[in-house]
Amino acid sequence: MNNKPVIVSGIQPTGNLHLGNYLGAVKNWVDLQNSGKYRMYIFIADLHSLAGNMPAEQRRKQIIETTAELLAAGIDPKKTTLFVQSQVKEHTELGWIFNCVTPIAELERMTQYKDKSQQQEKNINAGLFTYPVLQAADILLYRGNVVPVGQDQVQHVELTRDIARWFNNRYGVFFQETKHLLTDVPKVMSLLEPDKKMSKSLGAGHVIELADTPEVIEQKLKKAVTATSGGEQAPGVKNLLLLLQKFGNQKIYQGFIKAEKDGSIRYGDLKLATGKAIGEYFSDFRKRRAKLLSNPNQLKKILTAGAKKAGLVAKKTMKDARKKVGIS
Ligand code: AMP
């Protein structure tokens, strides 16, 4: 059992899960977990979220909500070590060691840093800049082989590979290669600006949350941007068709594909069908989420047990890493 490949991935507690998180990462995590082929570590990246603008109280609350949502989506703490990043202190320690082998110029290339700096131009802090270094520590602490993420994170996983190499070149071979793993939907687009990825930071109207009621989903989809003129498949239409394909009945989906080809498609109908499909698909999720949130102490217990389990592995890696760099 112990030589199964290790999977590590995380999610920031910055808001409710949305369809981008789900199709780009979380659904894949659940499938990989249930395949039984991997040792799985999934963490709530609360330290990463400190680089954003979220108030402390909201963070505290959101950590619990994200936990409930991951469990409601199918993460099983018996099969996956689910924990909060800050509860395993070794993340920051290894992160610091990695900071000291990572050239600044390499971090300046990170497109997510550039994007986030634009989004929060009044708070371009050093954490935002070194975020991918901490992420490398998150992964390598558990000797992660495979990192299932959305498209936006691929560059960071590539950097993790580089950081392992820089560390090994300087201190002797210790960390192994890490690969990213994309789903078949690595990028879900925003409803209102379908040329951008669906993201919580764009605003509520841009995303469909897994917890949204069917009424809210319908309202959001009504405002979704489709095509301004006929012809080429517009990104907004493509995005809605993708969501319908993933969550709806395949016959209905094929009907819309045909209608799109012969020009008879009505976007209002497409929005209604897509909304209905999503609302139904997550109906059980919403019930499980509400039930889990009614018992936050139980959620805290799951997280404490997860951190304890993760901590054992993290401590072992750090013990060896400290020796390698000459601080123990
Ligand atoms: P974050 O919310 O940034 O912590 O992202 C959690 C996971 O969801 C990461 O693996 C991201 O790559 C993935 N993700 C976030 N937004 C999208 C999107 N619009 N499409 C696909 N994957 C996404």
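Residues numbered from 1 in each chain as written. Predicted model: local features only at pLDDT ≥ 70, side-chain atom pairs only at ≥ 80, totals over all residues. Heavy atoms only, no water.

Here the focus is the site of the ligand. As a matter of local geometry, the ligand sits amid 17 residues, with Q12, G150, D152, V188 and M198 nearest to it. In this structure, a nitrogen atom belonging to the ligand sits 3.1 Å away from a main-chain N or O atom of G20. N21 places a polar side-chain atom, nitrogen or oxygen, 3.2 Å from an oxygen atom of the ligand. Its free accessible area being 480 Å², the ligand has 93% of it covered by the protein chains. Looking at the shell around the ligand, the element that brings in the most residues is helix α1 (residues 19-35), giving 4 residues. When the residues that make up the shell around the ligand are grouped by side-chain class, the tally is 6 nonpolar, 7 polar and 4 charged. (Near = heavy atom within 4 Å. Polar contact = N/O pair within 3.5 Å; in protein donor to acceptor, adjacent residues only side chain to side chain. Areas by Shrake-Rupley, 256 points an atom, 1.4 Å probe, with all protein chains shown as cover. Helix = DSSP H or I, 4+ residues; strand = E, 2+ residues; numbered from the N terminus. Nonpolar A, V, L, I, M, F, W, Y, C, P; charged D, E, K, R; others polar.)

In this model helix α3 (residues 56-72) runs 24 Å from its N-terminal to its C-terminal C-alpha over 17 residues, within 8% of the 24 Å that 1.5 Å per residue would give. Of all 17 residues that make up α3, 12 are buried, and the element is covered over most of its length. Taken as a whole, α3 has its buried residues at R59, Q62, I63, I64, E65, T66, T67, A68, E69, L70, L71 and A72. Where α3 terminates, the next one or two residues include G74, which has phi positive at roughly 120 degrees. (Expected span 1.5 Å × (residues − 1). Buried < 20%, exposed > 50% of the residue type's maximum accessible area, 1.4 Å probe, protein only.)

Inspection of the secondary structure assignment puts D138 in helix α7 (residues 126-140). No salt bridge is formed by the buried D138. Its closest oppositely charged neighbour is K116, at 12 Å. A distance of 2.7 Å separates polar atoms of two side chains, one belonging to D138 and the other to H91. Those residues in contact with D138 that sit more than four places away from it in its chain are V8, F43, H48, Q85 and H91. (Lys, Arg positive; Asp, Glu negative; His and termini not counted. Salt bridge = Lys/Arg side-chain N within 4 Å of Asp/Glu carboxyl O. Contact = heavy atoms within 4.5 Å.)

The next subject is the pairing of strand β1 (residues 6-11). By the criterion of burial, β1 is predominantly enclosed, with 5 of the 6 residues buried. With 6 bridges connecting them, β1 and strand β2 (residues 39-44) associate as parallel partners. The residue bridging S9 from the neighbouring strand is I42, located in β2. Following the backbone out of β1, through α1 and into the adjacent parallel β2, one traces a crossover that is right-handed. (Pairing = 2+ DSSP bridges. Right-handed = clockwise from strand over helix to strand, strands pointing away.)

Contact geometry for helix α10 (residues 235-247) and helix α11 (residues 250-262): axes closest at 9 Å, N-to-C directions at 155 degrees. Between α10 and α11, the angle falls in the class roughly antiparallel. Handedness of the crossing formed by α10 with α11: left-handed. Two secondary-structure elements touch here, α10 through V237, L241, L244 and Q245 and α11 through Q250, I252, Y253, F256, I257 and E260. (Axes fitted to C-alpha atoms, helices over the stretch in contact; angles between N-to-C directions. Parallel < 35°, antiparallel > 145°, perpendicular 65-115°, else oblique. Left-handed = near helix turned anticlockwise from the far one by under 90°.)

Attention now goes to the UniProt feature "binding site: L-tryptophan" (unreviewed entry) in the chain. According to UniProt, the positions carrying the feature "binding site: L-tryptophan" (unreviewed entry) are D138. Relative accessible area serves as the criterion here: at 0%, D138 is assigned to the buried category. Polar side-chain contacts of D138 include one of 3.0 Å to the side chain of Q85. (UniProt positions renumbered as here; feature names shortened; annotations may be inferred.)

Here we come to the domain arrangement of the chain. By convention, interface size is frequently given as the accessible area that disappears when the constituent parts associate. Assigned domains of the chain: these are domain 1 (6-187 + 295-325) and domain 2 (200-285). Between the C-alpha centres of domain 1 and domain 2 the distance comes to 31 Å. Counting the surface lost from both domain 1 and domain 2, the interface buries some 1,400 Å², and carbon and sulfur atoms represent 66% of this. Considering only the surface of domain 1 that becomes buried against domain 2, H18, L19 and Y22 emerge as the three largest contributors, covering 38% of it. Counting across the domain 1 and domain 2 interface gives 1 salt bridge. (Domains from an automatic or database assignment. Buried area = accessible area lost by both parts, 1.4 Å probe.)

To continue, consider the UniProt feature "short sequence motif: 'HIGH' region" (unreviewed entry) in the chain. UniProt tags residues 13-21 as "short sequence motif: 'HIGH' region" (unreviewed entry). Regarding residues 13-21, the helix share stands at 33% and the strand share at 0%, and the terminal C-alpha atoms are separated by 12 Å.

Taken as a whole and judged by the stated rule, the model has 17 aromatic pairs. Measuring from ring centre to ring centre gives 6.1 Å for F98 and F167, while their planes differ by 80 degrees; the resulting arrangement is edge-to-face. Of the two residues, F98 is situated in helix α4 (residues 90-99) and F167 in helix α8 (residues 154-171); the sequence distance between them amounts to 69 residues. In this structure F98 comes out as buried when scored by relative accessible area, which is 0%. On the basis of relative accessibility, which here comes to 0%, the residue F167 falls in the buried class. By way of ring pairs, the aromatic residues Y22, F247, Y281, F282 and F285 are connected into one cluster. (Phe/Tyr/Trp six-rings, centres within 6.5 Å; stacked < 30°, edge-to-face > 60°.)

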